[in-house]
Amino acid sequence: MTPLENPAGRTALGLPDDFWLGAATAAYQIEGAVDEDGRGTSIWDTFSHTPGAVERGETGDVACDHYHRMPQDVAMMKDLGLDAYRFSVAWPRIQPTGSGAVEQRGLDFYSRLVDELLAAGITPWLTLYHWDLPQPLEDAGGWPERDTALRFADYAQTVHAALGDRVRHWTTHNEPWVSAFLGYAAGIHAPGRRDAAASLRAVRHLLVGHGLATRALREAGAESLGITVNLYAVSAASDDPADVDARRRMDGMSNRIFLEPLLLGRWPDDVLADLDAVGLGDELRGPTPEEDLALASTPLDALGINYYSRHTVAAGGEPGSEPAYPGSADVRFVNPGYPVTDMGWPVDPTGLSEVLESVHALAPDLSLYVTENGAAYPDDVVVDGRVQDDDRTAYLDSHLRACATSIARGVPLRGYFAWSLMDNFEWALGYGKRFGLVRVDYDTLERTPKRSAEWYAALTRRQ
Ligand code: IFM
């Protein structure tokens, strides 16, 4: 079967019949309505309104207007046959200042969403934090301050108290790597800080917050708890020892810096040694390493993995270039010939199998989910009013086949969420990059399923 034919259900790709097929979004990327129903300001409101921060000066003020179109969007998910929908809750809708007073209208919105999903036969999968920190918490120091972790656990309990009777699947953070390193080291995401030491403290406090929230929700009776990390397959550009060492460093700072504390209760020794060499190791260790690592490694029911691409790295950064993240200076990204998406990300589905199998080796009993996978393409081929996105369809097909391969090799991979349900606000790149199964016309906000959506709906159909 070529990727472009409609598959006769998930088993046509070698996936088990009970494998979940869903789609994912995040609050700031789709909701809009930033000033409604008592919502407070988040770091992304502030950042996107900062001149020069986001391409073309775009913001999430309106986004896909999902806040007003939610029932229509859930109907669209039903048409796609989704088993589950992964969404995030905007913390500033629930606690406008990040602590204390709770805004009932914010909780009510998510309560209506959950009811709508359940009525449509779609399992809600809730992420508590997809990067929209309430601005007052950033003003008090943000994730580099331990108090933010305590506030996060309080917020998690508030959301659970309102929705825990209907939502079974809870994720604490989405991609803490991005929050820490793009937000606090590279400064290209909110809050736009460029402070290597602060980014490492943020890593630690994101994990502490995850542990505190997980324990509190477990205590409150939550059944399925987890976190989502973005992972990369990492290869060396050659077997030159300098390139092999660049690979080790990139794998350490991209993957193991989160996987080892979460799954093994330790910081990777080599990462600490690299950081010590530039005077930053203690920022990650912190003053109470045992307590922090015990929290970080609080047992999970599921690990979410977001996979998009393989990094191929060589030693030797561009002269004058900033390190991608602390301790990883002198690393260069190369592409040995993979096709790339509109993000410039190399496409390599074998990397997904590699990532799944390496995580499984670290935690053999843990259920895994691909909580994001997908591709941005320009979507410039339109036939009879419909985007003919064969490139995206082929991307999804090849990565789902990689999932099937890993399952056949014994990985307990339970489900997959396409990123994304619909085109949306791609952070610092604004609306220019389209990841959706469904096209959004940003002038009219009209939604039109792409060819990939038809393909996905055929895949989700149970025979
Ligand atoms: O849009 C993002 C999403 O918010 C987090 N994971 C990667 C996606 C594509 O960049």
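About the thresholds
- Residues numbered from 1 in each chain as written.
- Predicted model: local features only at pLDDT ≥ 70, side-chain atom pairs only at ≥ 80, totals over all residues.
- Heavy atoms only, no water.
- Helix = DSSP H or I, 4+ residues; strand = E, 2+ residues; numbered from the N terminus.
- Buried < 20%, exposed > 50% of the residue type's maximum accessible area, 1.4 Å probe, protein only.
- Contact = heavy atoms within 4.5 Å.
- Areas by Shrake-Rupley, 256 points an atom, 1.4 Å probe, with all protein chains shown as cover.
- Salt bridge = Lys/Arg side-chain N within 4 Å of Asp/Glu carboxyl O.
- Pairing = 2+ DSSP bridges.
- Core = buried A, V, L, I, M, F, W, Y, C linked by side-chain atoms within 4.5 Å.
- Near = heavy atom within 4 Å.
- Polar contact = N/O pair within 3.5 Å; in protein donor to acceptor, adjacent residues only side chain to side chain.
- Axes fitted to C-alpha atoms, helices over the stretch in contact; angles between N-to-C directions.
- Parallel < 35°, antiparallel > 145°, perpendicular 65-115°, else oblique.
- Left-handed = near helix turned anticlockwise from the far one by under 90°.
- Nonpolar A, V, L, I, M, F, W, Y, C, P; charged D, E, K, R; others polar.

A.B. asks: Account for the overall build of the chain, with residues named and values stated.
C.D. replies: Counting its regular elements, the chain contains 16 helices and 13 strands. Its C-alpha atoms give the chain principal-axis dimensions of about 60 × 55 × 45 Å. Counting every position in the chain, which comprises 463 residues, the buried fraction comes to 60%. Expressed as a percentage of contacts within the chain between residues at least 6 apart in sequence, the contacts between residues at least 24 apart total 77%. Within the structure as shown, the chain displays about 16,400 Å² of accessible surface, and the carbon and sulfur contribution to it stands at 50%.

A.B. asks: Break down the pattern of salt bridges for me, with residues and values.
C.D. replies: Taken as a whole and judged by the stated rule, the model has 44 salt bridges. As a salt-bridge pair, Arg 93 and Glu 31 come within 2.7 Å of each other at their nearest N and O atoms. Taken together, the residues span a long stretch of sequence, with Arg 93 in helix α4 (residues 91–94) and Glu 31 in the loop between α1 (27–30) and α2 (43–48) at a distance of 62 residues. The network of salt bridges with shared partners includes Asp 245, Arg 247, Arg 248, Arg 249, Asp 251, Arg 256, Glu 260, Arg 266, Asp 270 and Asp 274.

A.B. asks: An account of the pairing of strand β3 (residues 123–129) is needed here, citing residue identities and associated values.
C.D. replies: Across the seven residues that make up β3, a large majority, six, are buried. Bridge count between β3 and strand β4 (residues 169–174): four bridges; the pairing is parallel. Within β4, the position partnered with Leu 126 by the bridge is Trp 170.

A.B. asks: Just give me the short version of the environment of Asp 35, but keep the residues and values in it.
C.D. replies: In this fold, Asp 35 is placed in the loop between α1 and α2. Sequence separation between Asp 35 and Gln 95 is 60 residues; the distance between their C-alpha atoms is 14 Å.

A.B. asks: Explain the nonpolar core to me, and be specific about the residues and the numbers.
C.D. replies: Ranked by internal contacts, the top residues of the largest apolar core, which has 132 residues, are Trp 44, Tyr 110, Trp 170, Leu 303, Leu 400, Tyr 416 and Tyr 456. The contacts of Leu 400, once residues within four sequence positions are left out, are Leu 13, Leu 15, Phe 19, Leu 21, Tyr 416, Trp 455, Tyr 456 and Leu 459. Listed in part, the 16 residues of the second largest apolar core include Ala 24, Tyr 377, Phe 417 and Trp 419.

A.B. asks: Tell me what's going on with unusual backbone geometry, and back it up with residues and numbers.
C.D. replies: The omega torsion across Ala 190 and Pro 191 is 5 degrees, close enough to zero to call that bond cis. In this fold, Pro 191 is placed in the loop between α8 (176–184) and α9 (196–219). Residue Ser 420 follows Trp 419 across a cis peptide bond; omega there is 10 degrees. Residue position: Ser 420 is located in the loop between β11 (413–419) and β12 (438–440). Backbone geometry at Asp 65 places phi at a positive 60 degrees, although glycine is not the residue there. Tracing the backbone shows Asp 65 in the loop between α2 and α3 (66–80).

A.B. asks: Got a sec to walk through the side chain of Glu 138? Specific residues and values, please.
C.D. replies: Mapped onto the elements, Glu 138 comes out in helix α6 (residues 135–139). Excluding its chain neighbours within four sequence positions, the residues that come into contact with Glu 138 are Ile 43, Leu 133, Trp 143, Tyr 184, Pro 191 and Arg 193.

A.B. asks: Let's hear about the site of the ligand: which residues, and what values?
C.D. replies: Residues in close proximity to the ligand include Gln 29, His 130, Trp 131, Asn 174, Glu 175, Tyr 308, Trp 345, Glu 372, Trp 419, Glu 426, Trp 427 and Phe 435, which together make up its full environment. In this structure, His 130 approaches the ligand through a side-chain N or O atom, which is 2.8 Å from an oxygen atom. At 2.5 Å from a nitrogen atom of the ligand is found a side-chain nitrogen or oxygen belonging to Glu 372. Burial of the ligand by the protein amounts to 95% of the accessible area it has alone, namely 280 Å².

A.B. asks: With reference to specific residues and values, describe the environment of Leu 366.
C.D. replies: For Leu 366, the position within the fold is in the loop between α14 (349–362) and β8 (367–373). Looking at Leu 366, the relative accessible area reads 10%, which means it is buried. In contact with Leu 366, not counting residues within four places along its chain, are Leu 263, Leu 300, Asp 301, Ala 302, Leu 303 and Pro 412.

A.B. asks: Summarise the packing of α8 against helix α10 (residues 241–264); cite the residues concerned and give the values.
C.D. replies: In contact at an axis separation of 10 Å, α8 and α10 are set at 130 degrees when each is read in the N-to-C sense. If you check the angle between α8 and α10, you find them oblique. Pair α8 / α10 crosses with right-handed handedness. Taken together, the residues of α10 that come into contact with α8 (itself represented by Pro 176, Trp 177 and Phe 181) are Met 253, Ser 254, Ile 257 and Phe 258. Of the residues that constitute the contact of α8 with α10, the class distribution is six nonpolar, one polar and no charged.

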